[in-house]
Structures are given as structure tokens and as C-alpha cells.
Number of protein chains: 2
Amino acid sequence: MNQLKQLGVQPLEWTGQTLRLLDQRLLPEQQVYHEYDNAGDIRDAIFQMQVRGAPAIGIAAAYGVALSVRQHFGVDKRDWKTRVKQDIQLLSTSRPTAVNLFWALHKMEQLFEQHHDNPVAAAARLAQQIHADDIEANLRMGEAGADLLGEAQAVMTHCNAGALATGGYGTALGVIRSASKRGLKNIYAGETRPWLQGARLTAWELQQDGIDVTLIADSAAAWLMKSGKLDWIIVGADRIAANGDVANKIGTYSLAVLARQHDVKLMVVAPTSTIDFSMESGENITIEMRSADELLPACYQNTNVSAWNPVFDVTPARLVSAIVTERGVVMNPAEQNGVRSLQ
Amino acid sequence: MNQLKQLGVQPLEWTGQTLRLLDQRLLPEQQVYHEYDNAGDIRDAIFQMQVRGAPAIGIAAAYGVALSVRQHFGVDKRDWKTRVKQDIQLLSTSRPTAVNLFWALHKMEQLFEQHHDNPVAAAARLAQQIHADDIEANLRMGEAGADLLGEAQAVMTHCNAGALATGGYGTALGVIRSASKRGLKNIYAGETRPWLQGARLTAWELQQDGIDVTLIADSAAAWLMKSGKLDWIIVGADRIAANGDVANKIGTYSLAVLARQHDVKLMVVAPTSTIDFSMESGENITIEMRSADELLPACYQNTNVSAWNPVFDVTPARLVSAIVTERGVVMNPAEQNGVRSLQ
């Protein structure tokens, strides 16, 4: 836990008996943690986006399974596995796009294939391991990404792929943290409508760390690129297909097309738990659609004004300059058989 | 006035003695008109964006000059022109990018080169003429733009180039109104951060007219284009250079680059008062920067979080498929010596 504290802001804290989640809907104005002792409430917390970000969702779900084991093993030593599997099923309905969720649930489920004298402790241990591994992966990716940046003068990130989206430190923002220690000064963040993860979460995280950041409207990114001031776009990912196509926050595809047109490079930073090796191409990734209310002023309810609100988009591998994982970097994945070498 | 009422929502109403302005900062929740009797207050109303949109700013400024003549001619028959010229100077400092402002002020100033027995009435008449001409131009452009659309199935607009941005009916939204009467069904509007002109003004205008509209986050436009569902982007303009470069709301350049990459066409709709024939290229257009506060949550004040908030960008003529004016349409302006043929 000490190491975690040194990493700064923590979106998830395991107390031993409960999971504490920082309510990301209230940032940056308020820092409020809620405490959870069962899988159903964690499922709702993920659905409601109290916790978001592909790796963080996976970790929260893993702890959700651990809490489910704790709840049901104590009460019903005969039938507890059935109940835990029901909770795993429930957790899997929280959000559809991030594959880390399904990856973490699968890892937790595999636990029950072996005998454990104390499954409660074993499940908690595995969830904590998933959590710690994620942080470790982020630190490694941070250095690898900073190596890639080299002498780059200015970068932009989209959404929040930071400590808040992961176990800690962050993926895209982990690279920016590591590069900042090496002297990178010009960091831009897109505000990322409709949920404003960039304005509310990324700017806040960097402020906490004393790293200067400049916020821009999402639609100003092209104009910034045209000024010649940007070297790299750095983003996380919610799911990467085997061919290197990347599902990430809506707007990533837009940035990728614009970056290519302005000779700006695109770096995707994600742990291998984000890679869906079973999916050949990004075209098959389920894109979550969220409520029109996230976009529409309330006075338009029940009128002829509607909204189209996809939360993610898919960037084809040919627009990606580098995919950085804890197992290594794939340059120009479209020319490298995607990310299959990382399997 | 009767013809104006038939056009629906009016951003500007001349009462004979005063100018009433619909406060566009309060839409769509509230419809509040403020009444002005002097140029200084109209200058502030433009600066504060109670009224916005290049043609509407020009018309408001023209009425501002008319009110200045009314105020000063009555009081000081000897020196009133000096005072009116001071007010014209003041009005010219309201916003820097839209050329219609300077065009309208220049037209009003020319009035004083001739003798008028009743300059108060003459100035009011000229301002009303500028207003009526703008509406007339919009109606003509609406039909010309709808002709261009032909059998197009789906269009998207950005910001608000509607009745609210003009004397009435609108430029880009005038085309959409005309096309809607001919059967166009699929109309998308980008919400247009940071001021949300699309969400607050364009959606509201179309709702008033009973025209269905679908709002999207600005960064979702590329993903919509990739789906193949979009035929045209239709926007207004704040200033068009002689070579056909177009200054318009931030995000227009982004849409233009994305449109070209997705075989979507870009139509710019603007009266010739928006063309700055004295400016050879868009590179020389002054781009207004507005306060960081429009982007930053209040809790970031006095921290290391800053914002870059350009309000406009410049789209090079080579990305423009058609410029529609009341004097005619220029197809592919980059291949046609810009818009110089319209002079």
C-alpha cells in the first residue's frame, strides 16, 4: 500500500474487507470515496461511471468477484460457486467495450478450477495481484513510451488514461508522467466531450502532480496540429484487436485521421490485458452507445431534438504509429501483423 | 415586420427607437430580449455574445450607429458626426474576426459623406436596409444551397449559422431549412464547444421549426463520416479571403480535413458581406482568442492548468467544395481563382 501512496491519486483502494472507489463523477470539485462490500453495487458503480477507464474497470470487477466470494462462501459453503458465477455474469453486464473487464472476470473465474482451502483469501489475493500487476505494467510502459518520445517538444492526450483509469500511474498519462520527469514541457489535453474526462480528470491529475497542462476544446486539436506545435498524440485503449485496430474514447479516430494529415504521430499505450487476441479486426468490437441525456440540454426532452452518443470509436491500425505495452512496443502495427507478436 | 415574423425566431428587432436583442447566452432555457438605445451598450452586447454570428453582429452594429446618430444629432447639431465616429470606432472593437462588422460600420459611415436633412431617419433606414438585405440574401442562398444538395441524404452543420446568427432564416441553416422543405430528413448538428452554439442555438432553432435534428459531440463527427452516413458538411463563415480561405468557428478546419478524407463535401454559405476582398489569403485573418474560463472548471483558477481557446480557425480553399453567396455559387474555389469573380 505504501508504494501505491507514492504514486499519487488512487481510484481504487482495497481495505481488506471492502473496496473504496473514488467517485470520478464528482471530480475535480469534490474528492469523495464510496465503500463497497458486494459485487452488485460495484457493477452499478462501473455502469454509472463512478469508476471508468478500461484497466480500472477490470480491477474493480476483480475486487467485485473477491467480495462476492467473501459474501457467499461464508453463508453457503455448498452452493457459493453458483452464486459467485451469477455475480460474475452480473459484473460482465456493466460496460461492453473495454475488454479488460472480461479479461479480469475470466482470470478470477479460473481461480475456482483449483481447490483453495481459503477461497476468500485466494480471491482477494488474486484481485490484489491484478491490481499490482497493472501498476507495474504502467510504470514499465511509462518508460518505454518516454523512450519513444525522445526529443519531442509537445504532446496531446485525449480522455483520461491516467492513474484514475488504471490501478495507478496511468497508461497514456503514465508515459506523459515519465516524459515530464525527463523534461517534456508542452502537454495538451482535449476536454473530451460529453463526459469531459480530459477537463475533469486528466487536468486534475496533472495538477495534483504539479505538471503544467493546457486544455483545449476537442475540435481545436486540428488547428493546434496545423500550427506545427504538436509531435505526438498519446492515448490509452479500451480494446485492441489482433490486427492492431484500437477501440478508444470517441474522438480518438478523429485525432488519428487528423494526426496523419499533419505528420503528427499517434501512440497507443495499453497493457496486454487490453488486447483481445480472439478478435481479428476492430470492426467487430461492440461500441457502447450511452444516453442522449449526456449531450442534450434538459429542455429538449420529449422534443424532435435527439442525440447520437457513441462512447468509443475504432481507429484502424494503419493510423497508429506505435502500440506500447508492458511486453514491448509494436511500431506501425499495420505493417507488423498487428499485435499478434505480443501474444 | 410581418415578413420577419413569418421567418420565425428573430435575434434582432428594431422598434423604431431602440434595438431589441435576444440574449443568446440564455437559450435554449430562456428567451429574454434586452432593449438598447445607445451604441456603447450594443458594443458590450456583441462583446459578451448576447448576439453573435457574423451577419447578426454586422446588423447589430449598423443599428448601433443608427442609435448613435439619434443620440448625438439631437443634442449637438454641430459636432454630432465626431461623436458618431467615436461610437463607430467603439463598435469596431467588439470582436475582431467577423468582417461583416467592419463592412456594416463602413456602410453606415459612408452615409455621412452625403447631406441628409434628417440623418436620424436616414441612418435608421440604412440599418433596416442592411437587415432586410441580409434576410433576402439568406433566402436566395437557401435555395441555391438546396439545389446543390440535390439528392443528398444526410448533412451536418457546425456552430450556429442560423436565423440567430443573421438577420433571419440563416446561411448554413437557411440551406438546411430550404432542403428540409424539399424532403431532406437526416440533419446532424455538432454541439460546438466551448459555447455550445450547436446544442443551444441550432438545435433550438430547428426544434422551433419542427425540423428533426440529431446532436453529436464534436469529436464524433469523424466516426459519423466513417459510417458513410454523411453527404455534406454545411457551415457559415466569419470571413472569407479573396483566395477562398474561410475563417469560421473553431472546429470547422477539423471537419474540413475529415470531410476530405471521407469523401464528404463541404459547403460554406455566406453573404458577400462576409468576403474580405482586400485580404488575399486566410493566413492574414485575425483569430480571436477568448478567455480560458470558457473551458476551465472554476476550481482550476490560479493553478498550473491553463487553456488555449481560439474561437475561430481558417479552412484553406482547397478543402472547400462550394461557397454559396447571394450573388452566386463558386464551386471548388481553389481551382477558380478563389471568390474574386463575386466582387
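Keep in mind it's a predicted model, so treat the numbers as computed, not measured.

What counts, and where the lines are drawn
Residues numbered from 1 in each chain as written. Chains lettered and ligands numbered in written order. Predicted model: local features only at pLDDT ≥ 70, side-chain atom pairs only at ≥ 80, totals over all residues. Heavy atoms only, no water. Least-squares fit on C-alpha atoms with pLDDT ≥ 70 in both. Contact = heavy atoms within 4.5 Å. Buried area = accessible area lost by both parts, 1.4 Å probe. Salt bridge = Lys/Arg side-chain N within 4 Å of Asp/Glu carboxyl O. Polar contact = N/O pair within 3.5 Å; in protein donor to acceptor, adjacent residues only side chain to side chain. Helix = DSSP H or I, 4+ residues; strand = E, 2+ residues; numbered from the N terminus. Buried < 20%, exposed > 50% of the residue type's maximum accessible area, 1.4 Å probe, protein only. Axes fitted to C-alpha atoms, helices over the stretch in contact; angles between N-to-C directions. Left-handed = near helix turned anticlockwise from the far one by under 90°. Nonpolar A, V, L, I, M, F, W, Y, C, P; charged D, E, K, R; others polar. Pairing = 2+ DSSP bridges.

### Section: the relation of the copies chain B and chain A
Step number 1: In the superposition of chain B on chain A (RMSD 0.0 Å, axial shift 0.0 Å), the rotation amounts to 180°. In symmetry terms, the pair is related by a two-fold rotation axis.
Step number 2: When you check the interface residues of chain B against chain A, 100% turn up at the interface there too, and the contact is symmetric in its surfaces.

### Examining the interface of chain B and chain A
Interface size, as often reported, equals the accessible area lost upon joining of the parts.
Step number 1: Taken together, the contact between chain B and chain A spans 49 residues of the former and 49 residues of the latter.
Step number 2: Buried surface at the junction of chain B and chain A, summed over both partners, amounts to about 4200 Å²; 64% is from carbon and sulfur atoms.
Step number 3: Taken as a group, Trp223, Asn304 and Trp308 of chain B account for 18% of the area that chain B buries against chain A, more than any other trio of residues on that side.
Step number 4: There are two salt bridges connecting chain B and chain A.
Step number 5: In this assembly, chain B and chain A are joined by 25 residue pairs in polar contact (both at pLDDT 80 or more).
Step number 6: Mapped by element, the contributors of at least two residues to the side of chain B that touches chain A are helix 8 (197–208), strand 6 (213–216), helix 9 (221–226), helix 10 (252–261), strand 12 (305–307) and strand 13 (312–315) of chain B.
Step number 7: The leading source of residues in the side of chain B that touches chain A is helix 8 of chain B, at six residues.

### Describing the pattern of salt bridges
A side chain with one charge may pair with a side chain of the opposite charge, provided their charged atoms come close.
Step number 1: One pass over the structure, following the stated rule, counts 30 salt bridges over all chains.
Step number 2: Of the charged contacts in the structure, one is a salt bridge between aspartate 76 of chain B and arginine 83 of chain B, with a shortest N-O distance of 3.8 Å.
Step number 3: The exposure class assigned to aspartate 76 of chain B is buried, which follows from its relative accessible area of 19%.
Step number 4: For arginine 83 of chain B, a relative accessible area of 38% puts it in the partly exposed group.
Step number 5: Members of the salt-bridge network, linked through shared partners, are Arg95, Glu288, Arg290 and Glu294 of chain A.

### Here's the deal with the packing of helix 6 (residues 119–149) of chain B against helix 7 (residues 172–181) of chain B
All names here are of chain B.
Step number 1: Closest axis-to-axis distance for the helix 6/helix 7 pair is 7 Å, and the angle between their directions is 65°. In the crossing of helix 6 with helix 7, the sense of the turn from one axis to the other is right-handed. Between helix 6 and helix 7, the residues in contact are Met141, Gly142, Glu143, Gly145, Ala146 and Leu149 and Gly174, Val175, Ser178 and Ala179, respectively.
Step number 2: Tallied by class, the residues present in the contact of helix 6 with helix 7 amount to five nonpolar, four polar and one charged.

### What about the sheet that holds strand 13 (residues 312–315) of chain A?
Residues and elements named next belong to chain A.
Step number 1: Read across the sheet, four strands follow the order 11-8-9-13 without closing on themselves; strand pairing throughout is mixed. If you trace the sheet from one side to the other, it starts and ends with strand 11 (275–276) and strand 13, each paired once.
Step number 2: Two strands pair when backbone bridges link them, and strand 9 (residues 246–249) and strand 13 are joined in this way by four bridges, in the antiparallel orientation. What sits directly across from asparagine 248, in strand 13, is aspartate 313.
Step number 3: Packed on one face of the sheet, helix 10 (residues 252–261) meets strand 9 and strand 13 and runs near 35° to strand 13.

### Considering the side chain of serine 273 of chain B
Residue and element names in this part refer to chain B.
Step number 1: By secondary structure assignment, the location of serine 273 is in the loop between strand 10 (265–269) and strand 11 (275–276).
Step number 2: Looking at serine 273, its side chain comes within polar contact range of the side chain of asparagine 100, at 3.3 Å.
Step number 3: Those residues in contact with serine 273 that sit more than four places away from it in its chain are Val99, Asn100 and Trp103.

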